[in-house]
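# Remarks on the overall topology
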Amino acid sequence: MTSLPLTEPVFLVLLSLAEQPRHGYSILKDVEAMSTGRVVLSTGTLYGALQRLLRQGWIERFHEDESSRDRRAYRLTSRGRKNLQAEIDRVRHLSRLASLRVARKEA
Amino acid sequence: MLTLYRTLMYLYPAEYRREFGEEMALVFEEARIALGNKSPARVWFYARESVGLLAGAVCEHVHALTLSPESNSIRRLNMRRFPISTIALMIVILAGVVLAIESAKAIQVKYDAGVVSVWDTMPGFVAIGLALVCCAAVAGWAILFALHRSGIHRLSDVQTWSDQR
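Report on the accompanying structure. Per chain, the residues get numbers from 1 upward, laid out in the order the sequence is written. Chain labels run from A onward and ligand labels from 1 onward, assigned in the order the entries are written. Restriction of local features to residues with pLDDT of at least 70 applies here, the model being predicted, together with a cutoff of 80 or more for giving and counting side-chain atom pairs; totals for whole chains, interfaces and linings are based on all residues.

Taken together, the 18 residues of chain B in the interface contact 15 residues of chain A. To qualify as a helix, a DSSP run of H or I must reach at least 4 residues; to qualify as a strand, a run of E must reach at least 2; elements of each kind are numbered from the N terminus. Where the side of chain B that touches chain A is concerned, the elements lending two or more residues are α2 (14-35) and α3 (39-65) of chain B. Examining the composition of the side of chain B that touches chain A, we find that 9 residues originate from one element, α2 of chain B, more than from any other. Ten residue types, Ala, Val, Leu, Ile, Met, Phe, Trp, Tyr, Cys and Pro, are classed as nonpolar, four, Asp, Glu, Lys and Arg, as charged, and the remainder, Gly among them, as polar. When its residues are assigned to classes, the side of chain B that touches chain A shows 10 nonpolar, 2 polar and 6 charged. Residues are defined as contacting one another if the C-beta atoms placed from their backbone atoms lie within 7 Å.

Okay, here's the thing in structure tokens:
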């Protein structure tokens, strides 16, 4: 069950798909690049996350290239985009709160 | 290596394998080729992939057993596909346990040969407990097999009304 707050790998996978539809390998590389090499997903972890997101209706799968039966790409659904936005708002709120608290302590 | 990867995929439930198996193998191959010949990176990559696959297989089996509301695979007991992947997973786990016991024995012999092994002093209830667990597992499997043979899992497919009104 994928629910808020999201784990970092799932959050990064959704962020990767927010920009454009991607296939599995492209998601792997993008997640690695976004986290500057800190989060490196294995295929098992990636597809576990993708399957949960598919099941929840946050993402959908489609054939990127009709000639290749096994090469499928993923994109965010409107539900997934809405949940991602909610997570971004939550993280933004936490970040703002943390900055305020730290600044107050230092003052 | 791809062959080993595909073999490890058999640890996953058959339904999952049919859905994602080929795609996962393609991504694995792409990632492996992109690594090039950097040995340390390759070792790390294979270790990460193996652990990811094993963890993923366990998660998928747990998910299948915990009966999510949208999944009806357990409601139908999905027994035709259940034993093969589960038996493979059980063998892997058993091999891990046996390996751990052997390693522990070796450490004990190396550092404290004078101490009597806990297995020698422990009463037979551990063995009895293990035998009971095995019996329960066999009985459970036999019940599932009998239910499957009886065709009870097909009852959910039975249509009790007519489409034509």
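Attention now goes to the packing of helix α3 (residues 43-56) of chain A against α2 of chain B. What counts as an axis is a line fitted to C-alpha atoms, over the stretch in contact for a helix, and the angles between N-to-C directions run from 0 to 180 degrees. Orientation of α3 of chain A relative to α2 of chain B, taken along the N-to-C sense of each, is 140°, at an axis distance of 10 Å. With respect to their mutual orientation, α3 of chain A and α2 of chain B come out oblique. Judged by the sense of rotation from one axis to the other, the crossing of α3 of chain A with α2 of chain B is right-handed. Contacts from T43, Y47 and Q51 of chain A in α3 of chain A reach F20, M24, V27 and F28 of chain B in α2 of chain B. Each angle is binned into one of four classes, with values under 35 degrees roughly parallel, values over 145 roughly antiparallel, values of 65 to 115 roughly perpendicular, and all other values oblique. Handedness of a helix crossing follows the sense of rotation of the near helix relative to the far helix, less than a right angle counterclockwise being left-handed and clockwise being right-handed.

Before going further, it helps to examine helix α2 (residues 24-34) of chain A. All names here are of chain A. Among the residues of α2, G24, I27, L28 and V31 are the ones counted as buried. Buried residues of α2, seen end-on, are gathered within an arc of 100° and therefore sit on one face of the element. Downstream of α2 by one or two residues, T36 has phi in the positive range, about 45°. Exposure classes come from backbone-placed C-beta atoms, where a residue is buried if 20 or more other C-beta atoms lie within 10 Å of its own, exposed if 12 or fewer do, and partly exposed in between. Directions pointing from the helix axis toward each C-beta atom define the arc.

This part covers the sheet that holds strand β1 (residues 22-23) of chain A. All names here are of chain A. A pair of strands counts as paired when DSSP detects no fewer than two bridges linking them. The strand order across the open sheet built from 3 strands is β1-β3-β2, with neighbouring strands paired in antiparallel fashion. The open sheet has two edge strands with one neighbour each: β1 and β2 (59-63). Bridge analysis of β1 against strand β3 (residues 72-76) gives 2 bridges, and the strand direction is antiparallel. Its bridge partner lying in β3, H23 is registered against A73.

Keep in mind that these numbers describe shape and distance, not what the molecule does.
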